[in-house]
Every structure is written in structure tokens, then in C-alpha cells.
Amino acid sequence: MKKVGFVGWRGMVGSVLMGRMQELNDFSSIDSTFFSTSQSGQAAPEYVTNKTLQDANSIAELSKMDIILTCQGGDYTSAIHPKLRESGWNGYWIDAASTLRMKENSVIILDPVNRKVIDQAIDSGVKDFIGGNCTVSLMMMALGGLFENDAIEWLTSMTYQAASGGGARHMKELLTQMNTLGQTFTGMDQDQASDILEVDRIITETMNSKSMDTTCFSAPLGGSLIPWIDSPVDLGQTKEEWKGVSETNKILGRNQDNLIPVDGTCVRVGTMRCHSQAFTIKLKKDLSIEEIEKMISSHNDWVKVIPNNPEATRTALTPAAVSGNLEIPIGRLRKMNLGDRYLNAFTCGDQLLWGAAEPVRRMLNILVN
């Protein structure tokens, strides 16, 4: 059995990963060791092979592993990965953090979309396999059939990203903000509550007051949105927006000579753990909606085309509908007034599953099997 070390298994993404691995009995096919940055020497969970937590900062202990899978975050990767490689360790490193994504000797993993790229990388000796940006991965799962058929000339992705993209503290801050607003409303006297303009005034004042905890987001998200995610980069983009073009093309194995242009605006909205995206897609040629639906629906087992009507859209194409499951619904498929080669679409997906934990879990199974 392969010796597999896990780091960062108690965090949000790590906890989702552990749940999936136990659900699918993945631990039965590996010799597993759990590492900790703060609790080495203590008891590990019962389902692990090695029942004692090891020191996650110990290069000697980490070097005993054939595969290391980490959800610990970018700071840990930056500190440990170079030392581990310099020590001579030649094992496989699977990482949910972004630190190594764009390195020349790494591959971004999303095997329903780029299994050929992954297999070629393994054959050529690549050892670092990195989970992609959540919105990019969810976009590519939804549009995989169009990418596979080389049907896209360019696209925009206007995102509506959940609080979970920032981490557990951000999710809790959103709930705290929503609670503050709710209590403000329920605490109004009858005359105030019956006057919607007065309600709106008081709620707006509350959103912009010191009573709203904005430690994580630096702005109110409950009842609002924030059209800025991550740090600024060139040409007025945020880093989150830049990842659209850079990671999409790296996943597909495309180089600078044949890039698919991808751009858009990334927006944080008041949902918990599911990202949504609205696409404007310029096709390379005029395709019927029926052809497009067939390409999309046949690409992988998780994408699901939702009919473009109000009932189906409200039932299946929302964050509430997909939270906690692997389904990738895509709907609102229609040709646009811009012309026959312009396609409108909308998709949702769970940021903690296909957007984070599932690609690294599946990559582990590829290496083990």
C-alpha cells in the first residue's frame, strides 16, 4: 500500500475531504498517517492506519510518505514544500492551496476535464498536482463539453461567489451580519415595521454602522455584495479574475500561442458555500441549442442541463439546490441578441466539493490505483 500523509485535515476543506473519503472507503486502500502542526503525539482518528499524529513540520517524518496531501494552506506549502524537495524527497505532493498552481513543473488537477493532461504529466515525471481555483473548476465542469469540442472562441464569467471562498470565519461573519440585520428588524416597533421606507432606512444605517462585524470582509456582505475578491493585478483586474484565463488554459494544457481568452468580474455575495456564474460565450461557429446541450450533458457524470423555464430554474439552478452535493447544474442556455454565435448560460456548484476537496481526493485515487 502507498504511504499517504495528510496535513490540514481538520480545516473546512480538509473536513469535507475526510467525509468524502470515509463515505467512499478510500482509506481501505492506503497506509495513512495524519500530521499536525500543533498536536503531534496525540491520538489520530480511528479510521487512520497510524494512530498517532505526526509533526507536520518534520521533514524526516514527511519524507517517509509516498504521497502527501495537504489542505493546510499556502503558508504551509511555502514553508515546507521547498525544504522537502531539497531534502531529496521524490514523492507526490497533492495540494489544495494555490501556491504551486502556476509553477512550470506542476499540473492543475480536474480529471473529468483534463485526465489526459494528468496522465501525460505522471508519465513524464511530474510530482506536484494542485487543486484549481474554485470558480474555474466549477466553470470547467459545467462547460467541459464545449471545451472538449473546441467550441469556445472566448468567454466572460461573471461570478457570484459564496462566503465559504474566504474560509470558515467568513461564513460565520456572514451569519453574524444576517443575524444583526434580522434582530434590527424584529426589534422595531409596530409603526416602524409597517413603514417599509423606514425599515429600509434603519437597515441601511445598521449595515453601515459599527454594529456590523466586518472583520473578515471589510464591508457588509449580508444584504449586500462586494465586487472585489483577492488582491489587485495588472490592467485593473483582481487576482481572482486573472485566474480565469491563466488556470483555465493551464488545465487544458494550452500555451500562449493558443489561449482561450477568459475574463469577467468576480463578486462576493451573501450565500454560504456555493458559487454561481453567468457566462457570455462566443462560439467558434453557430451551433443549435440542441447540439450545445448534447455536448454539455454528455461530458461528465455530474453536469446537468436545466431547462430554460422559471420552474426548473428556481428549483434546480440555485445555491440552495446544490449545497452539499456534487451536481453541477447549468441552465439559462439561450442564444443572445448579440448574434447566433453568442451563448448565454448560468451555473452553480458547491465550492467545497468540486471547487476544492473532490479534485484532490480523485487525484489521490489516480496515484494510488
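Above this text sits the structure in question.
None of the values given here were measured: they were computed from a predicted structure. (Residues numbered from 1 in each chain as written. Predicted model: local features only at pLDDT ≥ 70, side-chain atom pairs only at ≥ 80, totals over all residues. Heavy atoms only, no water.)

**Student:** Explain the packing of helix H1 (residues 12-23) against helix H13 (residues 353-368) here, please?
**Tutor:** Packed helix pairs are specified by the crossing angle of their axes together with the interaxial distance, meaning the distance between the axes. Two numbers describe how H1 lies on H13: the axes approach to 9 Å, and their chain directions differ by 50°. Compared by their axis directions, H1 and H13 come out oblique. Both H1 and H13 take part in a crossing whose hand is right-handed. Across the interface between the two elements, Val-13, Val-16, Leu-17, Arg-20 and Met-21 of H1 pack against Leu-353, Ala-356, Ala-357, Glu-358, Val-360, Arg-361 and Leu-364 of H13. (Axes fitted to C-alpha atoms, helices over the stretch in contact; angles between N-to-C directions. Helix = DSSP H or I, 4+ residues; strand = E, 2+ residues; numbered from the N terminus. Parallel < 35°, antiparallel > 145°, perpendicular 65-115°, else oblique. Left-handed = near helix turned anticlockwise from the far one by under 90°. Contact = heavy atoms within 4.5 Å.)

**Student:** For this particular structure, what's the right way to read empty space enclosed by the protein?
**Tutor:** Using a probe with the size of a water molecule, rolled over the atoms, empty space left in the structure can be pinpointed. Per the counting criterion, the structure on display carries one cavity of 30 Å³ or more. Of the voids in this model, the largest cavity is the one considered here, and its volume is about 110 Å³. Around the largest cavity sit 15 residues that line it, and Ser-157, Glu-241, Gly-244, Val-262 and Cys-266 are the ones nearest its centre. Broken down by secondary-structure element, the contributors of at least two residues to the lining of the largest cavity are helix H5 (134-148), strand S8 (152-161), helix H9 (239-251) and strand S10 (262-263). Grouping the amino acids of the lining of the largest cavity by side-chain chemistry returns four nonpolar, eight polar and three charged. (1 Å grid on protein atoms, 1.4 Å probe; cavity = no way out; pocket = protein on both sides within 12 Å on 5 of 7 lines; lining within 4 Å. Points joined across faces, edges and corners; volume = space filled by probe spheres on them. Nonpolar A, V, L, I, M, F, W, Y, C, P; charged D, E, K, R; others polar.)

**Student:** Mind showing me how you'd approach the sheet that holds strand S5 (residues 92-95) here?
**Tutor:** The strands making up a sheet associate through hydrogen bonds between their backbones, and the pairing can be parallel or antiparallel. Read across the open sheet, the seven strands follow the order S3-S2-S1-S4-S5-S7-S6; overall the sheet is parallel. Only two strands of the sheet have a single partner each, and these edge strands are strand S3 (54-55) and strand S6 (106-109). Relative to strand S7 (residues 128-131), S6 runs parallel, the two sharing four bridges. Within S7, the position partnered with Val-107 by the bridge is Phe-129. Of the strands in this sheet, strand S1 (3-7), strand S4 (67-70), S5, S6 and S7 touch H13, which is tilted by about 165° from S5. (Pairing = 2+ DSSP bridges.)

**Student:** Looking at this structure, I do not really get the layout of surface pockets. What am I missing?
**Tutor:** As a volume, the largest pocket reaches approximately 770 Å³. Lining the largest pocket are 34 residues; nearest its centre among them are Ala-96, Ala-97, Arg-101, Gly-165 and Gln-351. Looking at the lining of the largest pocket, the elements that each hand over two or more residues are H1, H9 and H13. Here the lining of the largest pocket takes three residues from H1, the largest share from any one element. For the lining of the largest pocket, the residue count by class is eight nonpolar, 20 polar and six charged.

**Student:** Would you explain the side chain of Thr-313 in this entry?
**Tutor:** By the element assignment, Thr-313 lies in helix H11 (residues 310-316). Residue Thr-313 is classed as buried on the basis of its relative accessible area, which comes to 18%. At 2.8 Å, the side chain of Thr-313 and the backbone oxygen of Asn-309 are in polar contact. (Buried < 20%, exposed > 50% of the residue type's maximum accessible area, 1.4 Å probe, protein only. Polar contact = N/O pair within 3.5 Å; in protein donor to acceptor, adjacent residues only side chain to side chain.)

**Student:** Can you walk me through the packing of helix H6 (residues 168-186) against helix H8 (residues 196-207) in this structure?
**Tutor:** The interhelical angle for the contact between H6 and H8, taken along N-to-C directions, is 145°, at an axis separation of 10 Å. In this structure, the crossing between H6 and H8 has a hand that is right-handed. Each of Thr-180, Leu-181, Thr-184 and Phe-185 in H6 lies in contact with H8, whose residues at this interface are Val-199, Ile-202, Ile-203, Thr-206 and Met-207. Counted by class, the contact of H6 with H8 contains six nonpolar, three polar and no charged residues.

**Student:** I keep staring at H1 and nothing clicks. Help me out?
**Tutor:** Each α-helix winds once per 3.6 residues, and so residues spaced three or four apart point in a common direction. With twelve residues, H1 extends 17 Å from end C-alpha to end C-alpha; this agrees with the ideal 16 Å at 1.5 Å per step. Of all the residues in H1, the buried ones are Val-13, Gly-14, Val-16, Leu-17, Met-18, Arg-20 and Met-21. Here the buried face of H1 lies against S1, strand S2 (31-36), S4 and H13. Asn-25 lies just past H1 and shows a positive phi near 60°. (Expected span 1.5 Å × (residues − 1).)

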